[in-house]
Amino acid sequence: MRYAFYPGCVAKGGCPELYPAAIKVAEKLGIELFEMKDVGCTGAGVLSREVSDPINARTLAKAEAMGLPIMTICSTCQGCLMQANHRLVIDPEYRAKINREYLAEEGLEYRGTTDVKHFLWVLDEDYGLDKLQEMVVNPLEELNVAAFYGCYLRRPPEVVVPKGKESRKVSLENAIKALGGNVVATKGKGKCCGFPILYPNERNSLEMCGTHTLEAKDKGADAMVTPCPLCHLELDGTQSRAEQHKGKKINLPVLHLPQLVGLALGFSPKEMEMQRHLVSTAPVEEKAKRKAEV
Amino acid sequence: MQVNLNVRRYDPVSNGNGSRQTYSVEVEEQSTVLDVLIQVRDEQDATLSFRGSCRTGFCGDCTMRVNGKAKWACRMPVSKAQVDGEITLDPPRLVKGLKDLVYDQEEFLFDKYAATKPWIEPSPPGPTEEHIVSQEKIKELQEASSCTLCGMCDEGCTVLIIDKSFLGPAALTRAFKPVADPRDKVIERRLSELSEKRGMWDCVHCFEATEHCPKGIDPTDRILSLRDEAIKRGIGTPRVVRHNDSFAKSIKSSGWLDEARLAIESEGLTNIGGLMHLVPTAAKAMAHRKAPLPYLHKKRPGSKHIKRIFEKWEKDSK
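Computed from a predicted structure; not experimentally measured.

Sheet strands pair via backbone hydrogen bonds, and the direction of the pair is either parallel or antiparallel. All names here are of chain B. A sheet is described by the order of its strands in space; here five strands give the open sequence S2-S1-S5-S3-S4, paired in mixed fashion. Sheet topology places strand S2 (15–26) and strand S4 (69–72) at the edges, where each strand pairs with a single neighbour. For this sheet, the mean inter-axis angle between neighbouring strands, taken without regard to orientation, is 35 degrees. On top of the sheet, helix H1 (residues 33–43) reaches strand S1 (2–11), S2, strand S3 (63–66) and strand S5 (86–90); it is set at about 100 degrees to S2, its chief contact.

Here's what the structure looks like:
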């Protein structure tokens, strides 16, 4: 299993724990990653699509030249690349224009054949959750985990969840189960975390963060797991401000998906760099460790 | 088949707090939820109030919550809607109820539509010759025009549920039309007004609106198109403009995002209060070795090509 690896900006920036965790976990699972180092940011829904589409076309063209599908570890990168890919694939005239006006000068051409997959989908669809379960040495049996997908792994449905890929709607819960954990069902699992409006409207953003983390906490979650580092920046990074906003203590550890997989594969919390989180992950470490010691 | 229709009843005069009533009905297998409501009104209870016009899945007048989820009642087969023989019906969640399933469209939908001034304004004193609009443009405008103001996108909106003052996807989709119409000559004014508090920059682009739209209009895409236009023209609240500019500068110069720089520049380099606001989270992140240091940001190997793409786009946008 080989992929052109697109780690994204945040996995090496605001969430520097994500990149090494993903690399270690992929290596342990035998997933070969060829990192794309000379490509640009997807635009993250902030840049105008008029400029992010050519930048993403360049990334897609480079993966096409490598002859590999892209693997992402960020719901937002996944969504932006996938939506740009959708526009480029369904409209050959648009693709030809981008090729002609932006890529030709570099000798690149995108033919529209690159597949883009998040690590979660790679586990579910390519690697197989049964096989993942066989690799587990430290089942997370005592851990109650709430899933939090990030918008871009769920919508728009015709792009993200095409026919035949319906398992994507529950893939995160299925991954938690494969790792031995207990799923805590929440209403907020597919909603927005609030990160996109942290700058324009902090109050609304903190309201969303507080609502989702409190819901998970109230339903008995020991932790939340997310495949999106931007959701992590919000749910972990602004959780203390959301506590002030809500007037309630929350204190819910939020894990990146590769970290949760890593714990079940036998990596230590330190190897997964969980000490970098702003909300202490001690309760998770305690439950995961206890099992490992048995 | 037999179904129990569990309906929220409400009458501001006699039943101010609302209550629930269950109607037991024998219905045809192929009936829709709207068919059953009409049957109940005709056969059992003439006081039951709901909206429903075309009955053929076109107009969206019968928007209501079927088992908690917003649906068009005329597009919902009873066989699919029933759970253990029961269907619960409520008005949309964000609106003021008028009676039973009838809700106030003025306050929630039409006032917000009107606030976006959704009509074409040519430059004064008006056109001197016929406007020719390309077929391609007309097609784009027609797609947006097929909105029937059903409010389903607002029902799905993640922001409206916590902040009713947000303009919402329905009104913003309507606002897209004159901005995209080449006959309109006040685009910059429109984009400035749509940038005001509770406007387009409060959208989280979660694509819930797109998922909810029964017409396939893609309201989230329309909002993003409005924002793309505004970004190109440097329009937004000062905070939004600072954020967008810093983001673009970072990608243009290095290929990827300098997040710490983005946080500082979004607040504003001379905004002492704003910068102080960042300090507690930044200090905590530094202590956890989580935050990258601002401006010490290395260029990606292919950054000259990203810069070239940016420069070409900027030149072509002018």
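Following the structure, the description resumes.
What follows deals with the sheet that holds strand S6 (residues 182–184) of chain A. Residue and element names in this part refer to chain A. Reading across the sheet, the four strands line up as S6-S5-S7-S8 and stay open at both edges, with parallel pairing between neighbours. Among the strands making up the open sheet, the edge pair consists of S6 and strand S8 (254–256). For this sheet, the mean inter-axis angle between neighbouring strands, taken without regard to orientation, is 40 degrees. Here helix H11 (residues 257–264) sits on the sheet and contacts strand S5 (144–147), strand S7 (223–226) and S8; the angle it forms with S8, its principal contact strand, is near 85 degrees.

On to the pattern of salt bridges. Counted according to the given criterion, the structure contains 47 salt bridges over all chains. Between B:Lys117 and B:Glu193 there is a salt bridge whose closest N-O contact spans 3.3 Å. You can see B:Lys117 sitting in the loop between helix H3 (105–115) and helix H4 (135–145) and its partner B:Glu193 sitting in helix H7 (residues 187–194), a full 76 residues away along the chain. The class of B:Lys117 is partly exposed, set by a relative accessible area of 28%. With a shortest N-O distance of 2.7 Å, B:Asp181 and B:Arg183 are connected by a salt bridge. Taking relative accessible area as the criterion, B:Arg183 reaches 29% and is therefore assigned partly exposed. Taken together, the shared-partner salt bridges connect A:Glu50, B:Glu188, B:Glu229, B:Lys232 and B:Arg233 into one network.

Criteria and thresholds
- Residues numbered from 1 in each chain as written.
- Chains lettered and ligands numbered in written order.
- Predicted model: local features only at pLDDT ≥ 70, side-chain atom pairs only at ≥ 80, totals over all residues.
- Heavy atoms only, no water.
- Pairing = 2+ DSSP bridges.
- Helix = DSSP H or I, 4+ residues; strand = E, 2+ residues; numbered from the N terminus.
- Axes fitted to C-alpha atoms, helices over the stretch in contact; angles between N-to-C directions.
- Contact = heavy atoms within 4.5 Å.
- Salt bridge = Lys/Arg side-chain N within 4 Å of Asp/Glu carboxyl O.
- Buried < 20%, exposed > 50% of the residue type's maximum accessible area, 1.4 Å probe, protein only.

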